[in-house]
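# Reading the structure
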Amino acid sequence: MSELEAIYAIWLREFRVYLREKERAISSIVSPLLWLFAFGTGLGASVAIAGVNYQLFIFPGIIAMTLMFTSIFYGMYVIWDRKLDFLKEVLVAPLSRRDVFLGKMLGGVTDAMIQAAVLLMLAGVLGIPVTSYGALMALPAMLLITVCMTSIGLFFGAVFSSFESFQLVMQFVLWPMFFFSGALFPLENLPGWLASLTYFDPLTYGVDAMRGVMLGMGKMPFEIDLLVLGVFTLVTLWMGASAFERMGKI
Amino acid sequence: MDAVIVDKLEKKFNGFTAVDKISFSMKRGELFGLLGPNGAGKSTTIYMLTTLLKPTSGSATVNGFDIRTDSEAVRKSIGIVFQDPTVDIRLTAYDNLDIHGRLYGMSGQKRKERIKEVLDLVELGEWKDKMVRTFSGGMRRRLEIARGLLHTPEVLFLDEPTLGLDPQTRRHIWQYIEKLRKGGIAMMLTTHYLEEADYLCDRVAIIDRGRIKALDTPRSLKGIIGGNIIRIEAREPQKLAEMLKKSGFCKAPKVDGAVVSFDVKEGGKLVPKIMEAASKAGIEIENIEMRLPSLEDVFIHYTGTSIRAEKSAGGGMMMGRRAHGF
């Protein structure tokens with residue numbers, strides 16, 4: 001059997017589940033809108049950054065947030081799959097663990113990208129002037145963020161066996177990664193030590209790339225952003241795949 | 001070549017030996033039963049044979065493929081019906097089977113035909129587009145059986161296929177298994193239901209604490225016990241037991257409360273003689289019962305404990321299961 005067929009089968013399973021679980025899709029669109037409204041409109045009433053309306057400033061960051069949380073939650077859902085033994089069916093099928101990982105990863109990327117695409121389309125409705133050129137250029141950065149974050153999620157999902165560890169990941173990995181990525185505020189005013197830490201955050205490059213092409217407010221060249229994010233993504237892909245291989249052997 | 005050949009297979013979890021160097025083989029087309037209480041090592045054996053667990057030592061082949069070195073070929077040639085439901089409740093019955101078929105590389109047309117065939121076999125044809133979430137436990141198990149068969153495996157593993165089902169549904173599942181047996185597929189079944197092993201299996205391995213205590217057809221296993229089992233209730237069981245021994249009716253009667261029991265070759269002829277001897281000795285008999293031995297008696301004979309008594313001590317089983325790390 002060709003490996004692609006098997007990867008496609010895993011992806012198809014995830015996609016069919018996604019299509020049937022509308023609650024998950026709806027909630028992942030509503031919460032970024034809430035952020036945009038509460039922070040963008042609320043805080044934006046008294047704050048502007050570099051002469052740009054705050055709602056506009058955080059829009060790329062909120063898209064990055066949607067991608068990140070959807071992807072990581074999706075990945076950690078593997079814990080649930082394992083608890084309910086759904087995963088066993090896949091683990092005894094004649095395909096490698098790496099292919100199981102790739103199929104799952106692509107499934108998560110699809111979910112997250114659909115959500116982000118809906119948000120991008122809503123930009124016009126919300127009065128956020130994002131050109132179709134800007135949106136199109138943002139796509140490669142969005143894709144890299146999603147692949148990177150889904151892999152991180154699947155890695156944690158494969159390594160941890162309880163939801164309690166999920167809380168720890170939330171507090172020590174997800175929130176810091178989000179807060180210090182520049183999604184909500186510019187990073188240049190941070191104290192030096194903290195500013196240098198942000199360079200180890202893959203989301204920093206994703207947010208910068210998106211803000212660069214959408215608003216013309218990038219701090220680093222677009223190509224550099226993509227390159228660094230690409231390296232992070234390769235590392236997390238490798239981490240996720242090897243975690244799946246170990247999980248399969250038990 | 002036998003469907004399954006197991007050679008000194010062993011599995012240890014942190015020093016605890018779950019499967020203790022067992023060896024046996026299963027013929028093609030055979031319905032082979034692993035009978036034992038919870039925690040005996042049945043599921044662990046199945047997990048090793050289906051390549052979900054790596055053995056600590058020993059080896060096994062399934063359809064001629066080595067479970068250690070050729071796991072993908074093993075997985076391709078087997079079907080599995082798990083003890084815990086693994087069908088996806090978030091999908092329809094059809095989708096569950098469709099994805100499974102794709103995972104096993106079945107082409108479009110063949111997949112469609114086969115899905116219809118197996119759904120009809122387990123009588124879920126009308127339910128194919130319903131979400132599995134709405135299915136009862138019995139229906140999920142049937143769907144799981146259908147899925148295990150979809151890719152026409154040469155060996156089907158059934159891990160406690162009727163666990164937790166009501167007696168009527170259990171009978172129903174038995175019928176499907178019988179139907180499959182006629183189709184010629186080899187099946188390995190684990191169970192702790194004695195009547196299930198007795199009713200279904202061509203051969204049964206009695207497994208206890210990770211070891212195979214006996215392996216034969218249910219008929220031959222029961223033959224080991226002898227012809228009949230005689231059970232007598234009496235006011236003075238000890239006195240009765242002494243008398244039975246002295247008169248040469250049996251060598252070692254078991255006394256349990258008011259009940260004396262022992263097995264004999266031909267009980268029918270013996271019962272009147274026992275009655276006569278008892279009345280001569282002045283021992284009052286309240287009830288006398290003669291029956292054919294069951295697998296339960298065989299189980300007690302080999303393990304020294306009743307499978308039912310062990311069953312209630314379920315705590316050990318849960319711990320064993322967690323040790324698998326799923």
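Residues numbered from 1 in each chain as written. Chains lettered and ligands numbered in written order. Predicted model: local features only at pLDDT ≥ 70, side-chain atom pairs only at ≥ 80, totals over all residues. Heavy atoms only, no water.

### Quick word on the overall build of chain B
In terms of helices and strands, chain B carries 13 helices and 14 strands. Projecting the C-alpha coordinates of chain B onto the three principal axes gives extents of approximately 80 × 45 × 35 Å. For chain B, the exposed surface amounts to about 14,600 Å²; the carbon and sulfur share of it is 50%. Seen as two clouds, the 52 positive and the 43 negative side-chain charges of chain B have centres 2 Å apart. (Helix = DSSP H or I, 4+ residues; strand = E, 2+ residues; numbered from the N terminus. Areas by Shrake-Rupley, 256 points an atom, 1.4 Å probe, with all protein chains shown as cover. Lys, Arg positive; Asp, Glu negative; His and termini not counted. Charge placed at Lys NZ, Arg CZ, Asp CG, Glu CD.)

### Here we look at the packing of aromatic side chains
According to the stated counting rule, one finds 18 aromatic pairs over all chains in the structure shown. Ring geometry for Phe-69 of chain A and Trp-175 of chain A: centres 5.1 Å apart, planes at 50 degrees, overall tilted. Note that Phe-69 of chain A is positioned in helix α3 (residues 54-83) and Trp-175 of chain A in helix α7 (residues 163-179), a separation of 106 residues in sequence. You can call Phe-69 of chain A buried: its relative accessible area is 11%. One aromatic cluster is present, built from ring pairs that chain together Trp-35, Phe-69, Phe-73, Trp-175, Phe-178 and Phe-179 of chain A. Sitting above the plane of the Tyr-193 of chain B ring, Arg-170 of chain B keeps its charged end 3.8 Å from the centroid. Looking at Arg-171 of chain B, its charged tip hangs above the ring of Tyr-199 of chain B, at a distance of 5.3 Å from the centre. (Phe/Tyr/Trp six-rings, centres within 6.5 Å; stacked < 30°, edge-to-face > 60°. Buried < 20%, exposed > 50% of the residue type's maximum accessible area, 1.4 Å probe, protein only. Lys NZ or Arg CZ within 6 Å of the ring centre and 35° of its normal.)

### Considerations on the domain arrangement of chain B
We note that the domain assignment places domain 1 (4-222) and domain 2 (227-292) within chain B. On a C-alpha basis, the centroid separation for the pair domain 1 of chain B and domain 2 of chain B is 43 Å. (Domains from an automatic or database assignment.)

### Let's talk about the packing of α3 of chain A against helix α9 (residues 202-215) of chain A
All names here are of chain A. In contact at an axis separation of 9 Å, α3 and α9 are set at 135 degrees when each is read in the N-to-C sense. The angle between α3 and α9 falls in the class oblique. Read as a crossing pair, α3 and α9 show a hand that is right-handed. Between α3 and α9, the contacting residues are Leu-56, Phe-57, Ile-58, Phe-59, Pro-60, Gly-61, Ile-63, Ala-64 and Met-68 on the first element and Leu-203, Val-207, Met-210, Arg-211, Met-214 and Leu-215 on the second. Grouping the constituent residues of the contact of α3 with α9 by class yields 13 nonpolar, one polar and one charged. (Axes fitted to C-alpha atoms, helices over the stretch in contact; angles between N-to-C directions. Parallel < 35°, antiparallel > 145°, perpendicular 65-115°, else oblique. Left-handed = near helix turned anticlockwise from the far one by under 90°. Contact = heavy atoms within 4.5 Å. Nonpolar A, V, L, I, M, F, W, Y, C, P; charged D, E, K, R; others polar.)

### Thoughts on helix α10 (residues 267-281) of chain B
One turn of the α-helix equals 3.6 residues, which is why residues spaced by three or four share an orientation. Residue and element names in this part refer to chain B. Here α10 is 15 residues long and its end C-alpha atoms lie 20 Å apart, about the 21 Å a rise of 1.5 Å per residue gives. Residues of α10 that are buried include every one of Gly-267, Leu-270, Val-271, Ile-274, Ala-277 and Ala-278, and no others. Looking straight down α10, one finds that the buried residues subtend no more than 140 degrees of arc, so they occupy a single side. Seen from the buried face of α10, the exposed residues on the opposite side, beyond 90 degrees, are Lys-269, Ser-279 and Lys-280. (Expected span 1.5 Å × (residues − 1). Arc of directions from axis to C-beta.)

### Focus on the pairing of strand β11 (residues 228-234) of chain B
Residues and elements named next belong to chain B. The buried fraction of β11 amounts to five of the seven residues, a majority that puts the element mostly inside the structure. The pairing of β11 with strand β13 (residues 259-264) spans six bridges and is antiparallel. Each residue of the ladder has a partner; that of Ile-229, found in β13, is Asp-263. Pairing of β11 with strand β14 (residues 285-291), which is carried by six bridges, proceeds in the antiparallel orientation. Bridging from a neighbouring strand, Ile-230 pairs with Met-290 of β14. (Pairing = 2+ DSSP bridges.)

### Some words on the nonpolar core
Ile-63 of chain A together with Val-4, Phe-157 and Met-188 of chain B are the most contacted members of the largest nonpolar core, which totals 109 residues. Tallying contributions element by element places α3 of chain A first for this core, with 16 residues. Not counting the four nearest positions on each side in its chain, Ile-63 of chain A is found in contact with Ala-116, Leu-119, Leu-120, Met-142, Met-210 and Met-214 of chain A. (Core = buried A, V, L, I, M, F, W, Y, C linked by side-chain atoms within 4.5 Å.)

### Describing a nonpolar patch on the surface
Residues and elements named next belong to chain A. A cluster of nonpolar side chains, namely Trp-193, Leu-197, Tyr-199 and Phe-200, defines an oily patch on the protein surface of about 540 Å² accessible area. Looking at the secondary structure, you find Trp-193 in helix α8 (residues 192-197). Since its relative accessible area comes to 60%, Trp-193 is described here as exposed. (Patch = residues over 30% accessible without salt bridge, like charges linked within 9 Å, V, L, I, M, F, W, Y side chains within 5 Å. Salt bridge = Lys/Arg side-chain N within 4 Å of Asp/Glu carboxyl O.)

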